[in-house]
Amino acid sequence: MSPHAHLEIGKIKVVSLDAEGTLVTPDFSYAIWFEAIPERYARKHNIEFELAKKLIKEEYAKVGDHRLEWYDVRYWFDKFGLGTPDSVMESHQHKVRYYPEVKEVLSFLSCRYQLVVASGSTRDFLKFLLRDINSYFSRVFSSLSDFNQVKTPTFYSEMCQALRVRPQEVIHVGDNRQFDFIAPSEIGIQTLYLDRKGGPRADRSIADLTELNALLAG
Ligand SMILES: [Mg+2]
């Protein structure tokens, strides 16, 4: 039996994709959190970059990724007294990198399906992360900026309502097992787990988006 026998391809109307780790590499976000912020903090307090990075990482850890502030770049710029993040993020736009197959896959899929982004990143980041591929998507959903939550089953329900489709008519693909696979599955969205690391393949997983393309092409 095919490892994707659970999918009902014929029902799919909407292809929903995660952003970071799925369409776009973590390089841009890494540069903001672990280079730009510590750099500015080091300059402000006249300390070494490595020390600033260590201190900043400790502050991130104190908040932790279960709290929404952890994801909010404006919260951190404010907390560290660094002004607003806009010009810093603008100056790192060149760090945005798409995975090699992304543009071709989007171009193919957009002829046949409605494409949307369902991301846990804030709009502050999505504005830069999606800049070159925005035109492929009819809608972009940010769970944090639009719904004030990580990607929960409730977020996915709201998304389906906004799109006026039933969950079974959506396939969602992303690289986080909880947020992109378990949560949408719970409300009946069809899912594939994207595991770019290779190695032994888990059930219902794909290694890159060309596999999604092949499945949807039939
Ligand atoms: Mg991701």
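Residues numbered from 1 in each chain as written. Predicted model: local features only at pLDDT ≥ 70, side-chain atom pairs only at ≥ 80, totals over all residues. Heavy atoms only, no water.

Taken together, the buried positions of helix H8 (residues 153-163) are Phe 155, Tyr 156, Met 159, Cys 160 and Leu 163. One side of H8 carries all its buried residues, which in axial view fall inside an arc of 135°. Directly after H8, the chain includes Arg 164, whose backbone phi takes a positive value near 55°. (Buried < 20%, exposed > 50% of the residue type's maximum accessible area, 1.4 Å probe, protein only. Helix = DSSP H or I, 4+ residues; strand = E, 2+ residues; numbered from the N terminus. Arc of directions from axis to C-beta.)

To continue, consider the coordination of the magnesium ion. Taken together, Asp 18 (OD), Glu 20 (O) and Asp 175 (OD) make up the protein donors of the magnesium ion, found 2.1 to 2.2 Å from the metal. In the primary structure, the donors to the magnesium ion are separated according to the pattern D-x1-E-x154-D. You can see Asp 18 sitting in the loop between strand S1 (14-17) and helix H1 (27-45) and its partner Asp 175 sitting in the loop between strand S4 (170-174) and helix H9 (177-186), a full 157 residues away along the chain. (Donors = N, O, S within 2.8 Å, 3.2 Å for Na, K, Ca; no water.)

Counted residue by residue, S4 has five buried out of five residues, so it is predominantly covered. Neither face of S4 is exposed, since Val 170, His 172 and Gly 174 on one face and Ile 171 and Val 173 on the opposite face are all buried. Where S1 meets S4, four bridges bridge the pair, whose relative direction is parallel. In the sheet register, Ser 16 faces S4, and the bridge partner there is His 172. Pairing analysis gives four bridges linking S4 to strand S5 (residues 190-194), with the strands arranged parallel. In the strand pairing of S5, His 172 is matched with Thr 191. In terms of handedness, the path from S4 via H9 over to S5 forms a crossover that is right-handed. (Pairing = 2+ DSSP bridges. Right-handed = clockwise from strand over helix to strand, strands pointing away.)

Taken as a whole, this structure holds 14 aromatic pairs when the rule is applied. Each ring, one from Trp 33 and one from Phe 125, has its centre 5.6 Å from the other, and the planes form 25°; the classification is stacked. On the criterion of sequence distance, the pair formed by Trp 33 in helix H1 and Phe 125 in helix H6 (residues 123-129) is long-range, its members being 92 residues apart. You can call Phe 125 buried: its relative accessible area is 3%. Feature note: the residues Phe 28, Tyr 30, Trp 33, Phe 34, Tyr 41, Tyr 60, Tyr 75, Trp 76, Phe 80, Phe 125 and Phe 128 constitute an aromatic cluster, connected by ring pairs. Across from the ring centre of Phe 108, 3.9 Å away, lies the NZ or CZ of Arg 112, which sits over that ring. Against the face of Tyr 99 rests Arg 196, its NZ or CZ located 3.7 Å from the ring centre. (Phe/Tyr/Trp six-rings, centres within 6.5 Å; stacked < 30°, edge-to-face > 60°. Lys NZ or Arg CZ within 6 Å of the ring centre and 35° of its normal.)

One finds Val 15, Leu 23, Ile 37 and Leu 212 to be the most contacted residues of the largest nonpolar core, which totals 51 residues. Of all the elements, H1 adds the most residues to this core, at seven residues. Look past the residues within four positions of Leu 23 in its chain and what remains in contact with it is Leu 17, Asp 18, Arg 97, Tyr 98, Tyr 99, Val 102, Leu 106, Val 117, Leu 130, Ile 133, Phe 137 and Leu 209. In terms of nonpolar packing, the next biggest core, distinct from the first, is built from 14 residues, Ala 118, Phe 155, Val 165 and Ile 187 among them. (Core = buried A, V, L, I, M, F, W, Y, C linked by side-chain atoms within 4.5 Å. Contact = heavy atoms within 4.5 Å.)

Of note, Gln 93 is situated in the loop between helix H4 (86-90) and helix H5 (102-109). Aside from chain neighbours lying at most four places away, what touches Gln 93 is Phe 28, Phe 128 and Arg 131.

What follows deals with the domain arrangement of the chain. For the chain, the assigned domains read domain 1 (9-25 + 98-217) and domain 2 (27-94). Between the C-alpha centres of domain 1 and domain 2 the distance comes to 27 Å. At the junction of the two partners, domain 1 supplies 13 residues and domain 2 supplies 13 residues. Overall, the association of domain 1 and domain 2 removes approximately 1,300 Å² of surface from exposure, summing both partners, and the carbon and sulfur fraction of that is 57%. (Domains from an automatic or database assignment. Buried area = accessible area lost by both parts, 1.4 Å probe.)

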